[in-house]
Amino acid sequence: MHALKFDWNPVTGIDIVGNFKLHFYSLMWVIAFILGWYIMKRIFTKEKISLDYLDPLFIYTVLATMLGARLGHVLFYQSELISQDFFSIFLPFKFKGGFEFTGFQGLASHGAAIGVIIGMYLYRKKYKYKSLLWILDRVVITVASGAVFIRIGNFINSEIIGKVTESSLGVRFIQDQYHKSQITQLTGIKDVQQAYNAVADNPQFSELLEKVPYRHPAQLYESLCYIVVFILLWYFYSKTKKSEQTGFLFGLFLVLLWTIRFFVEFTKEPQGDEYINWANLNTGQWLSIPFILIGLYFMFVYKPKTTVK
């Protein structure tokens, strides 16, 4: 390790039994949802909203986020799963090439955003104590906090990696460079984690390590930026009167988060098949632009016709 460059070869989970593995990535999702629940509880308490509405909101948010994120990934980046491994879309298992517990992997933030909006619409149809935008203005605060942990989970998993860099900042993602079957064959070590550890620590395999390029830690870039987004949203909600401007916080969230995503994409490798790739912008960037425009609309143009109490 030198300057701000280091090798990344973590244990990504805990082996429980057989092919079942408790992934730290999944734990990051659990932390994100639990933290979101506590933040919303604080908001409900502050605004004297009955906590009877909180648990249903939590359930709608979890289901909408996970389903939207998964479907978004499949539609935007990995549509071949529809024909090749359909049940893996909805279940935490891989069936093609052998049964394996994978956890819920392959989740797209754009799909999650659409899923949350739809989920909150359905929630509002059943629970009419406040307007849809009142709910979205507050839910996005929890979404911003959760996004911090999701990107940390991506970093742990060595996924959504950045492009190769020659700067003083870089990470060598050993587990991304060599797949499981490949690393055991190259090292002659049957245990996958021990094989990765050997590449990272054993001078005997220094040639394999040297072939791993330094990359931008794009996941950490996003995670750090999302901390700022959360702080700004909480500040505008708790310290200013912008929380009374219907749609403002929702719009601010869309503008901040998707602007960050747009620019961080310049440092990322493609996450799958790039179905949209115009004007040197990738799929993630083109999908971010509509969210930014919608956010600007709610911040500066939208005027509620009536106030729902």
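Just so it is clear, the model here is predicted, and its values are computed rather than measured. (Residues numbered from 1 in each chain as written. Predicted model: local features only at pLDDT ≥ 70, side-chain atom pairs only at ≥ 80, totals over all residues. Heavy atoms only, no water.)

Undergrad: Explanation requested: the sheet that holds strand S7 (residues 214-215) in the structure shown.
TA: Backbone-to-backbone hydrogen bonds pair the strands of a sheet. The strands run either parallel or antiparallel. Overall, mixed pairing links the 3 strands, which are arranged S1-S6-S7 in an open sheet. Edge strands, defined here as strands with exactly one partner in the open sheet, are strand S1 (4-8) and S7. (Pairing = 2+ DSSP bridges. Helix = DSSP H or I, 4+ residues; strand = E, 2+ residues; numbered from the N terminus.)

Undergrad: It is not clear to me how the side chain of Thr-61 should be interpreted in this structure. Could you clarify?
TA: Tracing the backbone shows Thr-61 in helix H2 (residues 54-76). For Thr-61, a relative accessible area of 13% puts it in the buried group. Among all residues touching Thr-61, those that are not within four sequence positions of it are Phe-33 and Met-120. (Buried < 20%, exposed > 50% of the residue type's maximum accessible area, 1.4 Å probe, protein only. Contact = heavy atoms within 4.5 Å.)

Undergrad: I keep staring at the UniProt feature "binding site: a 1,2-diacyl-sn-glycero-3-phospho-(1'-sn-glycerol)" (unreviewed entry) in the protein and nothing clicks. Help me out?
TA: According to UniProt, the feature "binding site: a 1,2-diacyl-sn-glycero-3-phospho-(1'-sn-glycerol)" (unreviewed entry) maps to Arg-151 in the numbering used here. Among all residues touching Arg-151, those that are not within four sequence positions of it are Ser-109, Ile-160, Gln-219, Glu-222, Ser-223, Tyr-226, Arg-261 and Lys-268. (UniProt positions renumbered as here; feature names shortened; annotations may be inferred.)

Undergrad: Sorry, what's going on with helix H10 (residues 218-239) here?
TA: Along an α-helix, a turn takes 3.6 residues, which lines up residues three or four apart on a common side. In a regular helix each residue adds 1.5 Å, so 22 residues correspond to 32 Å; H10 covers 31 Å between its end C-alpha atoms and thus fits that length. By the burial criterion, the buried members of H10 are Ala-218, Gln-219, Glu-222, Ser-223, Tyr-226, Val-229, Leu-233 and Tyr-237. Buried residues of H10, viewed axially, fall in a sector of 125 degrees; they line one side. Exposed side chains of H10 directed beyond 90 degrees from the buried face belong to Leu-224 and Lys-239. On its buried face, H10 is in contact with helix H1 (24-46), helix H5 (132-156), strand S6 (169-173) and helix H11 (248-264). (Expected span 1.5 Å × (residues − 1). Arc of directions from axis to C-beta.)

Undergrad: It is not clear to me how the nonpolar core should be interpreted in this structure. Could you clarify?
TA: Across soluble globular proteins, nonpolar side chains show a tendency to be buried alongside one another. By size, the foremost hydrophobic cluster in this structure holds 43 residues, and its most contacted members are Phe-44, Leu-57, Tyr-129, Ile-135, Leu-233 and Phe-253. The set of elements that each furnish at least two residues to this core consists of H1, H2, helix H4 (109-126), H5, H10, H11 and helix H12 (283-300). Formed by 12 residues, the second largest nonpolar core is a distinct cluster that contains Val-199, Ala-200, Phe-205 and Val-212. (Core = buried A, V, L, I, M, F, W, Y, C linked by side-chain atoms within 4.5 Å.)

Undergrad: In this structure, what is going on with the UniProt feature "transmembrane region" (unreviewed entry) in the protein? I would like to understand it.
TA: As annotated by UniProt and renumbered to match this structure, "transmembrane region" (unreviewed entry) occupies residues 20-39, 51-71, 103-123, 135-156, 218-236, 248-264 and 284-302. When the span residues 135-156 is considered, its composition is 100% helix and 0% strand, and the gap between its end C-alpha atoms is 32 Å.

Undergrad: Looking at this model, I keep getting lost on H11. Mind explaining?
TA: The end-to-end C-alpha distance of H11 is 24 Å, a good match for the 24 Å that 17 residues give at a rise of 1.5 Å each. With respect to burial, H11 is a largely interior element, 14 of its 17 residues being buried.

Undergrad: Can you help me understand the side chain of Arg-138 in this one?
TA: Summarising the element assignment, Arg-138 is placed in helix H5. A polar contact is formed between the side chain of Arg-138 and the side chain of Glu-47, at a distance of 2.7 Å. When residues no more than four places from it in sequence are discounted, the contact partners of Arg-138 are Met-40, Ile-43, Glu-47, Tyr-237 and Ser-243. (Polar contact = N/O pair within 3.5 Å; in protein donor to acceptor, adjacent residues only side chain to side chain.)

Undergrad: I tried to follow the pairing of S6 on my own but got confused; where do I start?
TA: Side-chain direction in a regular strand flips from residue to residue, so the side chains alternate between the two faces of the sheet. Counting buried positions along S6 gives 4 out of 5 residues, so the element sits mostly inside the fold. Of the pairings in the sheet, the one linking S1 to S6 comprises 5 bridges and is parallel in character. By the bridge assignment, Lys-5 is partnered in S6 with Gly-170. Taken together, the 2 bridges between S6 and S7 define a ladder with antiparallel strand orientation.

Undergrad: What is the right way to read the packing of H10 against H11 from this model?
TA: A pair of packed helices is characterised by two quantities: the angle between their axes and the separation of those axes. Between H10 and H11, the shortest axis-to-axis distance is 10 Å and the interhelical angle comes to 165 degrees. Classified by the angle between their axes, H10 and H11 sit roughly antiparallel to one another. The element H10 and its partner H11 pack so that their crossing is right-handed. Between H10, through Ala-218, Tyr-221, Glu-222, Cys-225, Tyr-226, Val-229, Leu-232, Leu-233, Phe-236 and Tyr-237, and H11, the contact on the second element is made entirely by Phe-248, Leu-249, Leu-252, Phe-253, Leu-256, Leu-257, Ile-260, Arg-261 and Val-264. Across the contact of H10 with H11, the residue classes break down as 17 nonpolar, no polar and 2 charged. (Axes fitted to C-alpha atoms, helices over the stretch in contact; angles between N-to-C directions. Parallel < 35°, antiparallel > 145°, perpendicular 65-115°, else oblique. Left-handed = near helix turned anticlockwise from the far one by under 90°. Nonpolar A, V, L, I, M, F, W, Y, C, P; charged D, E, K, R; others polar.)

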